[in-house]
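Examination of the molecular architecture
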Amino acid sequence: MSTPPPADVALPSALAELAEDFLALPAAQRLEMLVEMGASVEDVPERYTSDLSTMERVVECQSPVYVAVEVEDQSPHTVTLHVVAPQEAPTTRGFAGVLSEGLAGCTAEQVLALPHDLPTRLGLHDLVSPLRTAGMASMQGRVQRQVLERLEALGVAPAREHPTSDGGTDAGTDAGAERA
């Protein structure tokens, strides 16, 4: 795997449809849609809720948000995303809903190819604070890193790059955490 995907990388179809829906709306309605997306966040299996330490906390989010991914052992390595985000954090929960719905049924390759400008592609960068945008990017970064780690555990992951001298990072690090 080389550098992060460029801004012109196509989104998986469900995520592309969501981005189209968001961008078709005026700004205020985009924010409403984001909040409504929070309702689509499904409850996570008991094995996660009974012990949140089995999930990874997204510390860059102002609210306590936890993510965990499962990757099928067999190719095409379909990814299942689990997110715990509080009802009291509607924009954060909304972004969790966007990821949950937009990545449903995606392969590990599709998840790893997600561009790092997803909040911008949804037209959210001007609607939420930079801190919230960084939290959203961090949530996405955690998901991508966990997918890469699961693939590595299966022995099928692409090789990670090494950090660059100009401060860039390899594909396996959490790019969102560096932006927070």
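Residues numbered from 1 in each chain as written. Predicted model: local features only at pLDDT ≥ 70, side-chain atom pairs only at ≥ 80, totals over all residues. Heavy atoms only, no water.

Taking 1.5 Å of rise per residue, the 14 residues of helix α4 (residues 90-103) would be expected to cover 20 Å, and the 19 Å separating its terminal C-alpha atoms lies within 8% of that figure. For α4, the set of buried residues is T91, T92, R93, G94, F95, A96, G97, V98, L99, S100, G102 and L103. The secondary structure elements touched by the buried residues of α4 are α1 (13-23), α2 (27-37), β3 (79-84), α5 (108-112), α6 (118-121) and α7 (130-154). Phi for G105, located one or two positions after α4, is positive at around 80 degrees. (Helix = DSSP H or I, 4+ residues; strand = E, 2+ residues; numbered from the N terminus. Expected span 1.5 Å × (residues − 1). Buried < 20%, exposed > 50% of the residue type's maximum accessible area, 1.4 Å probe, protein only. Contact = heavy atoms within 4.5 Å.)

On to the nonpolar core. Formed by 39 residues in total, the largest nonpolar core has its most connected members in M139 and V147. No other element matches the six residues that α7 contributes to this core. (Core = buried A, V, L, I, M, F, W, Y, C linked by side-chain atoms within 4.5 Å.)

Our focus in this paragraph is the side chain of S63. For S63, the location among the structural elements is in the loop between β1 (56-57) and β2 (66-71). Under the relative-accessibility criterion, S63 is labelled buried at 12%.

Across its 25 residues, α7 extends 36 Å between first and last C-alpha, which sits within 8% of the 36 Å expected from 1.5 Å per residue. Two residues or fewer after α7 comes G155, characterised by a positive phi angle close to 80 degrees.

What follows is about unusual backbone geometry. In this structure, the amide linkage connecting S75 to the following residue, P76, adopts the cis form with an omega of 20 degrees. Here P76 is to be found in the loop between β2 and β3. Although it is not a glycine, H77 sits at a positive phi angle of roughly 60 degrees. With respect to the secondary-structure elements, H77 resides in the loop between β2 and β3.

Moving on to the side chain of R93. Here R93 shows up in helix α4. Summary of buried charges: R93 has no salt-bridge partner, and the nearest side chain of opposite charge, D43, is 5.3 Å away. In this structure the side chain of R93 is engaged in a polar contact, spanning 3.1 Å, whose partner is the backbone oxygen of G38. From its side chain, R93 meets the backbone oxygen of A85 in a polar contact 2.4 Å long. Those residues in contact with R93 that lie beyond four places of it in its chain are G38, V41, A85, P86 and Q87. (Lys, Arg positive; Asp, Glu negative; His and termini not counted. Salt bridge = Lys/Arg side-chain N within 4 Å of Asp/Glu carboxyl O. Polar contact = N/O pair within 3.5 Å; in protein donor to acceptor, adjacent residues only side chain to side chain.)

Looking now at empty space enclosed by the protein. Summed over all chains, the structure comprises one cavity of 30 Å³ or more. Approximately 50 Å³ is the volume attributed to the largest cavity. Looking at which element gives the most residues to the lining of the largest cavity, the answer is α7, with five residues. Among the residues forming the lining of the largest cavity, the class breakdown is four nonpolar, three polar and two charged. (1 Å grid on protein atoms, 1.4 Å probe; cavity = no way out; pocket = protein on both sides within 12 Å on 5 of 7 lines; lining within 4 Å. Points joined across faces, edges and corners; volume = space filled by probe spheres on them. Nonpolar A, V, L, I, M, F, W, Y, C, P; charged D, E, K, R; others polar.)

Another aspect to go through is the environment of L23. Its place among the elements puts L23 in helix α1. Remark: the alpha-carbon pair of L23 and G123, spanning 100 residues in sequence, is separated by 6.0 Å. L23 has contacts with R30, R121, L122 and G123, leaving out every residue within four places of it along the chain.

As a further point, take the pattern of salt bridges. In total, this model carries seven salt bridges according to the counting rule given. Measuring nitrogen to oxygen at the nearest pair gives 2.2 Å for the salt bridge that ties R145 to E56. Within this pair, whereas R145 is found in helix α7, its partner E56 is found in strand β1, the two being separated by 89 residues in sequence. Put simply, R145 and E149 hold a salt bridge, and the shortest N to O gap is 2.8 Å. Placement of the pair is R145 and E149 together in helix α7, with a separation of four residues, close to one helical turn.

Function-wise, these values are silent; they only describe arrangement.
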